[in-house]
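Each chain is listed here by its residues.
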Amino acid sequence: MEEILSSDTAWRQLSQLFLAIFFFHSSEYVLAIIFHGKFNVPPSSLLISKQYVMAMGCCILEYLFEFAFFPQLKQHWWISNIGLILLVIGEIIRKVAIITAGRAFTHLIKIYHEDHHQLVTSGIYGCVRHPGYCGFFIWATATQIMLCNPICTLAYMVVTWRFFSTRIPYEEFFLRQFFGSQYEEYSSRVLSGVPFVK
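Reading guide: rules and limits
Residues numbered from 1 in each chain as written. Predicted model: local features only at pLDDT ≥ 70, side-chain atom pairs only at ≥ 80, totals over all residues. Heavy atoms only, no water. Salt bridge = Lys/Arg side-chain N within 4 Å of Asp/Glu carboxyl O. Buried < 20%, exposed > 50% of the residue type's maximum accessible area, 1.4 Å probe, protein only. Helix = DSSP H or I, 4+ residues; strand = E, 2+ residues; numbered from the N terminus.

Caption draft 1: Spotlight on the pattern of salt bridges. Taken as a whole, this structure holds eight salt bridges when the rule is applied. Taking the shortest distance from any N to any O, the salt bridge between Arg-176 and Glu-184 comes out at 2.8 Å. For Arg-176, a relative accessible area of 29% corresponds to the partly exposed category. On the basis of relative accessible area, Glu-184 is assigned to the partly exposed category, the value being 40%. Glu-185 is the salt-bridge partner of Arg-189, the closest N and O atoms lying 2.7 Å from each other. Linking Arg-189 with Glu-185, this pair stays in helix H6 (residues 150–189), spanning four residues, or about one helical turn. Among the charged side chains, a salt-bridge network with shared partners connects Glu-28, Glu-91, Arg-94 and Lys-95.

Written out as structure tokens, the structure is:
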């Protein structure tokens, strides 16, 4: 274990992971407070659940196991750097989505229409309907590419895709209730942003 933690490779890759996690969650929480006010933002807006902690634990276990027994696997710097670039892209897409939507962006799906709730179709929402989900899908997968974790790369892709493939239709049911034909027209011309999810 000491050998792993003293390695430049492990130090770089794991520190990038922990910095990415810290920035992602703290910025989500700060932006939620900016747009919704401190007293309207529950701790759940940090987006840290039991399942999330388990997933991150699994990725660290995979990393440590592979580093100990297959250290050459972690030396593919071109793969790790692609992961880092994708991670930054995913983060930017998600944060641009939050800033563009402003108060309309929430971490919980709204099942009742509120007066300030507007359909945002400009900016990044003109390219994809769910850029927040798109950004998170890229970000989550990229964390594992950056670590050169082949098992968790595949697992994260499958799990996040399955999550969004059920969440998007559920959310869009309410969006169609709120915005009717306006949302129908919008959804017919703009992709969801998550692969193979209409």
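Past the structure itself, the notes keep going.
Caption draft 2: View of the environment of Val-158. Considering the arrangement of structural elements, one finds Val-158 in helix H6. For the pair Val-158 and His-130, spaced 28 residues apart in the sequence, the C-alpha separation amounts to 18 Å.

In short, shape yes, function no, at least from these values alone.
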